[in-house]
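# Remarks on the overall topology
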Amino acid sequence: MRTWKCPACGQTEEISYDWLAARGGPVCGQCDHDMELQPEATAIEYAAVVDRLADKADDNGLEAEDIDELVHELAASVAADVNNGGLDEQLRYLVDGLGAQYAERQLNELIENRVDRRREGE
Ligand SMILES: [Zn+2]
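A contiguous patch of negative charge, built from Asp 51, Asp 55, Asp 58, Asp 59, Glu 63, Glu 65, Asp 66, Asp 68, Glu 69 and Glu 73, is present on the exposed surface. Of all the secondary structure elements, the ones that give two or more residues to the negative patch are helix H2 (43-59) and helix H3 (64-84). Ranked by residues supplied to the negative patch, first place goes to H3 with five residues. Summarising the element assignment, Asp 66 is placed in helix H3.

Shown next as structure tokens:
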């Protein structure tokens, strides 16, 4: 579910992804304006959700290792998307995650190994 808001009259509506996929962006029921998608959650709401889920996991006897599998699955699907995105996408991801300097150092290592392998092949 995401929240949409009418920019003209301030009317808000909760709309599911299925509804959106079938019908596109909603129109305000009050004044016929196209409604605007609101940001998913503020940082404070986000922290509150994480706290609530952590409490729930804790109360129900889940530990960090019980969540491992979910994290691995998500990370693997992110990695697959990045790798399918080609060189630019891969390097953007590495610079975001590792910082520019370290990403370049890693890249330099790959380049050196490649040069070494070519020399061995000659
Ligand atoms: Zn409206």
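That shown, we press on.
Let's shift gears to the pattern of salt bridges. A side chain with one charge can pair with a side chain of the opposite charge if their charged atoms come near. Summed over all chains, the structure comprises two salt bridges. As a salt-bridge pair, Glu 89 and Arg 92 come within 3.1 Å of each other at their nearest N and O atoms. A residue pair is termed a helical-turn pair when its members lie 3 or 4 positions apart in one helix, as Glu 89 and Arg 92 do in helix H4 (residues 86-98) at three residues. Using a relative accessible area of 31% as the deciding quantity, one classes Glu 89 as partly exposed. Ionic pairing is found between Arg 119 and Asp 116, a salt bridge with its closest N-O pair at 3.6 Å.

Tracing the chain through its elements places Gln 106 in helix H5 (residues 100-121). What makes Gln 106 partly exposed here is its relative accessible area of 32%. Distance in space between the C-alpha atoms of Gln 106 and Leu 94 is 9.4 Å, their sequence separation being twelve residues.

With that settled, consider the sheet that holds strand E2 (residues 12-15). Taken in spatial order, the three strands make up an open sheet running E2-E1-E3, and their pairing is antiparallel. Here the strands that pair on one side only, and so sit at the sheet edges, are E2 and strand E3 (36-37). Note: strand E1 (residues 2-5) against E3, two bridges, orientation antiparallel. Paired with Lys 5 across the strands is Glu 36, a residue of E3.

Peptide bonds are, in most cases, trans, and in most cases residues other than glycine have a negative phi. At Asp 32, a residue that is not glycine, the phi angle is positive and equals roughly 70 degrees. Relative to the assigned elements, Asp 32 resides in the loop between helix H1 (17-23) and E3. Residue classification places Asp 32 among the exposed residues on the basis of a relative accessible area of 63%.

Let us now look at the pairing of E1. Here E1 shows a clear split, with Arg 2 and Trp 4 buried on one side and none of Thr 3 and Lys 5 buried on the other. As judged from the four bridges shared by E1 and E2, these two strands associate in the antiparallel manner. By the bridge assignment for E2, Lys 5 is matched with Thr 12.

We now examine the packing of H4 against H5. Where H4 contacts H5, the two axes come as close as 7 Å, and the packing angle between them is 125 degrees. Classified by the angle between their axes, H4 and H5 sit oblique to one another. As for the relative orientation of H4 and H5, their crossing is right-handed in sense. Along its contact with H4, which presents Leu 91, Leu 94, Val 95 and Leu 98, the element H5 presents Ala 100, Tyr 102, Ala 103, Gln 106 and Leu 107. Tallied by class, residues from the contact of H4 with H5 come to eight nonpolar, one polar and no charged.

What counts, and where the lines are drawn
Residues numbered from 1 in each chain as written. Predicted model: local features only at pLDDT ≥ 70, side-chain atom pairs only at ≥ 80, totals over all residues. Heavy atoms only, no water. Patch = residues over 30% accessible without salt bridge, like charges linked within 9 Å, V, L, I, M, F, W, Y side chains within 5 Å. Areas by Shrake-Rupley, 256 points an atom, 1.4 Å probe, with all protein chains shown as cover. Salt bridge = Lys/Arg side-chain N within 4 Å of Asp/Glu carboxyl O. Lys, Arg positive; Asp, Glu negative; His and termini not counted. Charge placed at Lys NZ, Arg CZ, Asp CG, Glu CD. Helix = DSSP H or I, 4+ residues; strand = E, 2+ residues; numbered from the N terminus. Buried < 20%, exposed > 50% of the residue type's maximum accessible area, 1.4 Å probe, protein only. Pairing = 2+ DSSP bridges. Axes fitted to C-alpha atoms, helices over the stretch in contact; angles between N-to-C directions. Parallel < 35°, antiparallel > 145°, perpendicular 65-115°, else oblique. Left-handed = near helix turned anticlockwise from the far one by under 90°. Contact = heavy atoms within 4.5 Å. Nonpolar A, V, L, I, M, F, W, Y, C, P; charged D, E, K, R; others polar.

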